[in-house]
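# Topology and contacts: notes
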Amino acid sequence: MTKALHFKSIHQFLFPFIITNSSFSLSEWMDNHKEWERQEMSIDCKHYGLYNYYHPKVEKLLFGENSGEISQFHIQNFNYIMHKAQYELVVTKQDPQNSSELTLDIPKDGITLHILDDLKIGILCLTCYNYDYDEEDILIINEKGRRIFWPFVKCEQPCSKQQEHQCSNLSTEIKPIFEGCNSFCDECANKLILRVFSDEKTSISYEDDLKVIDFNNDPKYASFLLELLAGIKFRHIIDDRMFVCCHLESDIANELKDIWPLYNDACRNNYIPKIKDNQLAVINYWYRLCFVDIGISCQSEKLKAKLLEKITYDRWMGYSTFYAYTNYSFIFLANKDVPDYLVDHFLLHYHNLLLILLFQRACLIGFSEKVNKMSELIIEQKLQPKCSAQKSKMLKIHLNNFRSDYILFINKLWFDEITPQDQGIEMYELGKNILGLEKQKDSIRKDIDEFYQYSMQKEQREQSDTLNLISEIGAILLPINFWLAFITHFDNLYSTLFGDIGFIGFSICFASLRRFRIYTKVILIILSLIGFIHLYTVLF
C-alpha cells in the first residue's frame, strides 16, 4: 500500500472471529469462493524490509514458505477482488438538527482476510482512507464504524422519530445496514453501509431490519460481514465492535508533543498536572482517540492520567509521533510532515504485529471457552452419577484435544520476541501487556494443569477402586478355595480340621482389614460362621 498525499486519516477495522464449523475445509472454501484471491509474499523492493523485519519463526507464520501450497500452521492471507468496482464505507453521523453520512474510500487492496486454519480462527480487515473529515468526525468514524451488530444499550427516553433508510441515486449499491429501533440510543451506529459503485446498471441492496430484536437468540450480524464471509460459519470474539487501528495526521500531534513531558512526569509522580484549558483539550482528545470515545467516559483526571501513561508509546515524541494500545484499538498520531515510510510501517509492519496479537487473543479466548465446557462436564458428572463413566470419557477426550491445541499454540503462535528491532520489541511487549495476554496464557496453563491433575486423580481413584474390588473378591474366594482344597484332596479328620481352622482364620483376618467395604466384611464374617458350624459338626 502506498500513502496518498492528501489523506487526513487511515482507519482499519479488524473483525476477529472463530470458525464454528468443525468440518470447515479451507481448500474447499477457496475453490467455492473465487472472489477471495490468496496472496503470497513476494520478495521485492517493497516487501524486502518487511520480510526481514521478523524472526524466522514469525516470518514462517506470517508468510509461509512460498511453495504455492497451503503449508501447515501458516496464516493464509486473502484479498477481496473488487474488479472495476469502487468501495466506500459509510457511517451515519447522527445530529439532532441534521443527519449526515461520513464516507471513507476503500482502496483496491483494502478488504483482506487472514485465516489460521489449524486453530479455526480468522480476522477480516477493512482499510479505509479519510480525505475530508476533521478530528471530531474521525472520533465518530472510529466509534460507529466498528459496530458489527446493534448494541444492546437502552435509551433513557425513546427516540422521538423513527429513522428509515432511503436509497440514494447511486447506480449500484450494496448496503448492509444497521437499523436502530425507537428504544435504542442515537449515539450508536444506526447505519453502517458498505457501498459499491460499478459499471453495471444494476442495484443490489442488503438491508438489516433490527427494529425488532430477539434477545433470546444470537445477534444478527451486519450484512456486509455475512456477504464477505459467505461460506464461513463464524462467531465474534471481542464484543459488538471490531478492533480499530487509526493513523491520524494532525497538528494536535505537535501540541501533544509540547504538553506530554510535563503531563507524563506528573503521571509518574502520582499527581494531577496543572495545565491550561487548551492543553487539557489536547490531552482529552488524545484520550478520546485512544479509547475510541466520542465523549469522555473517564471523569477522574488522576485515573485518566494513569491510563494514558500506561498505554502511550512515546519513544519518538520529539518528532511529534505517538503510538497507543488499548483493548480495542491501536493508534498512530503524527503531524502532517510524517515521512511516508512510517505510514508504510503502520500499514505493514505494525499491522502484521497486531494480527499476531489478535490471533493470540482469539486463541486464548477460545481456550477459556474450552475450560468452561470442561467445567460443565465435571458438574454434570456430579449431578448425573449414572452417566459418570461417559462424562469421564468425554472429559478425557476434551482434555487431550485441549492440551494438544495449547502445545501447538505455545510452539507456533506464542512468541516472547518477534523481531530483533528495539521499537518492534517494545511495541509487541506493550501490546501483550495492554491486552493481558501473558496473564491469560498463564491462567490457561494453570487450568490445564488442574484439569490434568483432576483427571489423573480420578483415573487413579477408579483404578484403585478396581484393584480394591479384585482384592475383596480374592479375599472372599481365598478362604473358600483353601477349605475346598483340604476337604476334597485329603479325606481324613486332621485335614478337615486344618482346612476349617484355616478357613475361619483367613475369613476373620480379611474381615478385620479397614480398606474392605462393609458388605465384603459381612460376607467374610458369614463365611467364618459357616466354618465354625462345620468345625463343630466335625468335632461333635
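The structure under discussion appears in the preceding block.
Residues numbered from 1 in each chain as written. Predicted model: local features only at pLDDT ≥ 70, side-chain atom pairs only at ≥ 80, totals over all residues. Heavy atoms only, no water.

### Focus on the nonpolar core
In terms of nonpolar packing, the biggest core is built from 134 residues, with F15, I111, L124, W286 and F330 touching the most fellow members. At 16 residues, the largest contribution of residues to this core is made by helix α10 (residues 349–383). Sequence-distant contacts of W286, defined by excluding residues within four places in its chain, comprise L256, W260, L308, T312, F322, Y323, A324, I331 and L333. (Core = buried A, V, L, I, M, F, W, Y, C linked by side-chain atoms within 4.5 Å. Buried < 20%, exposed > 50% of the residue type's maximum accessible area, 1.4 Å probe, protein only. Helix = DSSP H or I, 4+ residues; strand = E, 2+ residues; numbered from the N terminus. Contact = heavy atoms within 4.5 Å.)

### Focus on the packing of aromatic side chains
Per the counting criterion, the structure on display carries 28 aromatic pairs. With 5.0 Å between their ring centres and 70° between their planes, W36 and Y80 make a pair best called edge-to-face. Pair noted here: W36 is in strand β2 (residues 36–39) and Y80 is in strand β3 (residues 76–80), with a separation of 44 residues, a long-range link. What makes W36 buried here is its relative accessible area of 4%. A ring pair is formed by Y313 and Y323, whose centres lie 6.2 Å apart and whose planes are at 55°; its orientation type is tilted. Taken together, the positions of Y313 in strand β11 (residues 312–313) and Y323 in strand β12 (residues 321–326) put the pair 10 residues apart, joining distant regions of the chain. (Phe/Tyr/Trp six-rings, centres within 6.5 Å; stacked < 30°, edge-to-face > 60°.)

### Describing the environment of L139
By the secondary structure assignment, L139 is in helix α4 (residues 135–145). Using a relative accessible area of 2% as the deciding quantity, one classes L139 as buried. In the structure, L139 is positioned 153 residues away from V292 in sequence and 6.6 Å away in space, judged by C-alpha atoms. Once residues lying within four places of it in the same chain are set aside, the contact partners of L139 are Y285, R288, L289, D293 and I294.

### Focus: the environment of I365
Inspection of the secondary structure puts I365 in helix α10. Spatially, the C-alpha atom of I365 lies 9.9 Å from that of L437, the residues being 72 residues apart in sequence. Residues within four places of I365 in sequence aside, it is in contact with I237 and Q440.

### Section: unusual backbone geometry
Phi angles above zero are rare outside glycine, and K120 is one such case at about 55°. By secondary structure assignment, the location of K120 is in the loop between β6 (111–116) and β7 (121–130). Of note, V292 is a non-glycine position whose phi angle comes to about 50°, a positive value. The residue V292 is located in the loop between α7 (277–290) and α8 (301–311) in this model. Assessed through its relative accessible area of 5%, V292 is described here as buried.

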